[in-house]
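Inside the fold
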Amino acid sequence: MNSQKKITLYYFILGISWIYFSDRALDYFFKDHVLCDNNWANTIKGLLFVTITSLLLYKLINKYFDKLSKSEKDYRNMFDANPNPMYIYDLKSLRFIEVNKAAIKNYGYSKQEFLSKTVLDIRPDTEKERLLSDILSSPKRISYDEPWIHILKNGEQIKVNVHAYEINYKGKSARLVLAVDITEQLKIKEELKHHQQQLEIQNNKLLQSLEVIEYNKNKLFNTQKIAQIAGWEFNLETERLEPSTGFFELLNIQNLENVSPLNILKNSVIKEDLNKLEHFLRSFKMGFTINECTLRFKKENELRYILFAGTLKDPKKQKFTVEGYIKDVSEITLKDQLIHKTLERFEQLALLTNDALYEWDIKNARIRLTGNINSIMGYGVKEANHPESWWVERMHPSDFIENDTIFREAVEQKYQTIKRKYRFKTINGDFKLIYDQSILKYNSAGILEKVIGSIQDIEEITFVNRKNKRLEEIVRKVKSLIVITDVEGKIEWVNAAFIELTGYQESEILGKRPWDFILYPEESQEAVDKLNKALKNKEFFNVEVANFSKTGRKYWLQIDGGPIFDDQNNHIGYIAIESEITERKIREAKIKEQNEILKKTAWFNAHQVRKPLASVLGIIELLQYENSESVNKHLLKLLEKCSQELDLAIKNAIHITEFKED
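Summarised in this report is the structure supplied together with it.

The rules behind the values
- Residues numbered from 1 in each chain as written.
- Predicted model: local features only at pLDDT ≥ 70, side-chain atom pairs only at ≥ 80, totals over all residues.
- Heavy atoms only, no water.
- Helix = DSSP H or I, 4+ residues; strand = E, 2+ residues; numbered from the N terminus.
- Buried < 20%, exposed > 50% of the residue type's maximum accessible area, 1.4 Å probe, protein only.
- Contact = heavy atoms within 4.5 Å.
- Areas by Shrake-Rupley, 256 points an atom, 1.4 Å probe, with all protein chains shown as cover.
- Pairing = 2+ DSSP bridges.
- Axes fitted to C-alpha atoms, helices over the stretch in contact; angles between N-to-C directions.
- Patch = residues over 30% accessible without salt bridge, like charges linked within 9 Å, V, L, I, M, F, W, Y side chains within 5 Å.
- Salt bridge = Lys/Arg side-chain N within 4 Å of Asp/Glu carboxyl O.
- Polar contact = N/O pair within 3.5 Å; in protein donor to acceptor, adjacent residues only side chain to side chain.
- Phe/Tyr/Trp six-rings, centres within 6.5 Å; stacked < 30°, edge-to-face > 60°.
- Lys NZ or Arg CZ within 6 Å of the ring centre and 35° of its normal.
- Core = buried A, V, L, I, M, F, W, Y, C linked by side-chain atoms within 4.5 Å.
- Expected span 1.5 Å × (residues − 1).
- Arc of directions from axis to C-beta.
- Left-handed = near helix turned anticlockwise from the far one by under 90°.
- Nonpolar A, V, L, I, M, F, W, Y, C, P; charged D, E, K, R; others polar.
- Lys, Arg positive; Asp, Glu negative; His and termini not counted.

1. Topic: the overall build of the protein chain
Scanning the protein chain from terminus to terminus reveals 19 helices and 21 strands. Across the 662 residues that make up the protein chain, the buried fraction comes to 31%. By sequence separation, contacts in the protein chain at least 24 residues apart represent 42% of the contacts at least 6 residues apart. Working note: accessible area of the protein chain is about 45900 Å², and carbon and sulfur atoms make up 54% of it.

2. Focus: the sheet that holds strand E21 (residues 571–580)
Adjacent strands of a sheet form backbone hydrogen bonds with each other and so pair up, either parallel or antiparallel. With antiparallel pairing, the five strands of this open sheet are ordered in space as E18-E17-E21-E20-E19. Whereas interior strands pair on both sides, the edge strands pair on one side only; in this sheet they are strand E18 (491–494) and strand E19 (541–548). Within the sheet, the average angular offset between the axes of one strand and its neighbour, ignoring direction, is 25°.

3. Looking at a nonpolar patch on the surface
A surface patch of nonpolar side chains, about 370 Å² in accessible area, is lined by Leu206, Leu207, Leu210 and Ile213. When you line up the elements, Ile213 lands in helix H6 (residues 183–226). What makes Ile213 partly exposed here is its relative accessible area of 47%.

4. Considerations on the pattern of salt bridges
Taken as a whole and assessed by the stated rule, the structure comprises 19 salt bridges. Salt-bridge contacts for Glu113 lead to Lys153; the nearest nitrogen and oxygen are separated by 3.3 Å. Linking Glu113 in helix H4 (residues 111–115) with Lys153 in the loop between strand E3 (148–151) and strand E4 (157–169), this pair joins segments that are 40 residues apart in sequence. Classification of Lys153 as partly exposed rests on a relative accessible area of 46%. Across the pair Arg420 and Asp436 runs a salt bridge, and its minimum N-O distance is 3.1 Å. Of the two residues, Arg420 sits in strand E14 (residues 417–425) while Asp436 sits in strand E15 (residues 431–442), which places them 16 residues apart along the sequence. Across this residue pair, the class does not change: Arg420 and Asp436 are buried.

5. Examining the environment of Glu544
Looking at the secondary structure, you find Glu544 in strand E19. Separated by 16 residues in the primary sequence, Glu544 and Asp560 have C-alpha atoms spaced 9.0 Å apart. When near neighbours in sequence (up to four residues on either side) are disregarded, Glu544 contacts Ala527, Trp556, Leu557, Gln558, Ile581, Arg584 and Lys585. A polar contact of 2.5 Å, which involves the side chain of Glu544, links it to the side chain of Arg584.

6. What about the packing of aromatic side chains?
The full count for this structure, using the stated rule, is 16 aromatic pairs. Their ring planes at 90° and their centres at 5.2 Å tell us that Phe247 and Phe248 sit as a pair that is edge-to-face. Each member of the pair, Phe247 together with Phe248, is buried. Here Arg130 stacks its cationic end above the ring of Trp148, 3.8 Å away from the centre of that ring.

7. Things to note about the sheet that holds E4
Ordered by their spatial adjacency, five strands build an open sheet running E2-E1-E5-E4-E3, and the pairing between neighbours is antiparallel. Of all strands in the sheet, those bounded by a partner on one side alone are strand E2 (96–99) and E3. The average angle at which neighbouring strand axes cross in this sheet is 40°, direction not considered. Here strand E1 (residues 86–90) runs beside strand E5 (residues 172–181); their pairing, made up of five bridges, is antiparallel.

8. Let's talk about the environment of Arg394
You can see Arg394 is positioned in helix H12 (residues 388–394). Residues Arg394 and Gly429, 35 residues apart in the sequence, show an inter-C-alpha distance of 9.2 Å. Reaching out from Arg394, the side chain makes a polar contact with the backbone oxygen of Trp390 at a distance of 3.1 Å.

9. Brief notes about the nonpolar core
Of all hydrophobic cores here, the largest spans 26 residues; its most connected members are Trp232, Phe234, Phe247, Leu251, Phe297, Phe308 and Ile326. Only strand E6 (229–235), helix H7 (247–251), helix H8 (261–268), helix H9 (274–282), strand E8 (290–299), strand E9 (302–312) and strand E10 (321–328) provide two or more residues apiece to this core. Looking at this core, the element that brings in the most residues is H7, giving four residues.

10. Description of the pairing of strand E7 (residues 240–243)
Remark: a regular strand shows side chains that alternate across the two faces of the sheet. Across four bridges, the pairing between E6 and E7 is antiparallel. Counterpart to Trp232 in the pairing with E7 is Pro243. Where E6 hands over to E7, the hairpin turn is made up of four residues, of which Glu239 adopts a positive phi near 55°.

11. Brief notes about the pairing of E9
Counted residue by residue, E9 has eight buried out of eleven residues, so it is predominantly covered. Of the pairings in the sheet, the one linking E8 to E9 comprises ten bridges and is antiparallel in character. Considered in E9, the bridge of Ile290 is made with Thr311. Pairing of E9 with E10 involves seven bridges; the strand directions are antiparallel. Bridge pairing in E10 places Ala309 opposite Tyr325.

12. Some thoughts on helix H13 (residues 397–412)
Given a rise of 1.5 Å per residue, 16 residues ought to cover 22 Å, and the 23 Å separating the end C-alpha atoms of H13 matches this to within 8%. Within H13, burial applies to Asp399, Asn403, Phe407 and Ala410. An end-on view of H13 places all buried positions within 60° of arc, on one side of the element. Residues of H13 that are exposed and angled more than 90 degrees away from the buried face: Pro397, Ser398, Ile401, Glu402, Arg408 and Glu412.

13. Focus: the packing of H8 against H9
Running from amino to carboxyl end, H8 crosses H9 at an angle of 145°, the nearest separation of the two axes being 9 Å. Two packed elements cross with a definite hand, and for H8 against H9 that hand is right-handed. Two secondary-structure elements touch here, H8 through Leu262, Leu265 and Lys266 and H9 through Leu274, Leu277, Glu278 and Leu281. Of the residues assigned to the contact of H8 with H9, the class counts are five nonpolar, no polar and two charged.

14. Structural notes on the environment of Asn403
The residue Asn403 is located in helix H13 in this model. When the C-alpha positions of Asn403 and Lys421 are compared, they lie 8.0 Å apart, and in sequence the two are 18 residues distant.

15. Concerning the side chain of Arg123
Its location among the elements puts Arg123 in the loop between H4 and helix H5 (125–136). Within the buried core, Arg123 has no salt-bridge partner, and the shortest N-O distance to an opposite charge, that of Glu127, equals 5.5 Å.

Dropping the structure here:
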């Protein structure tokens, strides 16, 4: 029920109720009072009725307007938030009354610019007459079959679908319009139409091509017959083989009647290759679109190799058909097998030597590489064939001149072998040092025709040797003593510092045990026992040992060492790093002696100095309170005596703390 009917109904119910109950209510409330006359009673009833009906109408109308305001706000939000352009225009003046945000964004006009224009301003001249006719028509249309043309602020024209509704807006007869831009959609439709036309043209060309294909097919059939190539088709669903004319003739097999061609083929293939044939046919069911295999056929002790090649005819359909051809490749296969055996021996030789092998064909200026090419040069292949210029360009320029001279001299002298070292550029652009050992092959006329050789990566070996020499030089020059022994404790290596300190020559040291050179005093016995225990248990150790050199000089050593293990965690010996700590031990002895003197000094100060000092303090206190001159003189003499005793005690203390320098 709408608001108007509700208000009318409420008013009707209230009026009837008032007429019925008002007289009874007055009689009830004023039954003990006599009203002046009936006019006064009617006046009271009228006033009450007007008052009550006014309040009720006010509340109902207020509620109606609140609801109307909320509804208007919701419609306003829907209008503004709509993603498509919407606007309202006056049907009389044709001026824009309201536009939403999408219209402002899509058309490029500001809201003020829109409100200053009419709906005719956003249309070209060709559309204005159509719009005026549409506005004057009755009844007015809501939707239109043909799109309208609108003009944006930048002058661009767009095509829109329009939906229009007549409304009353702010007391004006107006029209609400929803305009949907379909310019891109129309362009897409035009493109689709153009593509369809192109497809029709291509279809006609395809039909013409099919005629050409049929002609070429017949021509191909004749060519295959001459080249001894036969075709075949295989249905994957029915597993039916359909050979072409000449198929069984090429295989030298009799085509038996009432026997499946596939069974004839399976019975003719040697047993070892039967699984290969079945896998070849089954591979197309597994998703292969192209595949081939070589099968062996044997008849009258003659082994023949037949190449079967197939292609999936229509992989998009469920019922697949494979079409292919067969070709006799017996002669080629036998040659390849021979070459393969030769190459296999060559490869095995390369793997055994762990080198890269090469064969340099002088006549054709080609170099064939095999073996560990990738590990040495990093080119990611196991075999490669290059012109000799490829090799020359990758040799270091500084090394090329020297190696070229060596090679030419070897050829002139008819050397059979030659060994060289040079740097070769890897795939990363770095140069790697390689060792080249070559065998030179001459023909009967003494002309060089082939060079066979192996190359070995010696970059790492050279680097390690150079690094080891540098480390050995550094270790030999360090001041600490370094001793390395084998598992039996025999000395394998010592540095120059060990020889200098002990006084023994290297020939007197190597092969002997360290104990042969340690003549330790008794104060080192505990450290030596600790050292022997650590060596026995293969543990690390840290000890201090007193020893004598070959010349008899006593010295102290701090020894840090432990066992040595290889990469497989095998015990291979011991290493000890020894530092001379003689000066430190002398300083420690001096500090110990000084501590003893300090203890004596502390005791002396506590007994010898304290007594005269106490007497001096007592006499000074007496002098402060005594006034007798004779007594003061006596006290001064005593003070002088005590001072002399204190001075003597201080001199004795200084004498005690004096140290003798070694």
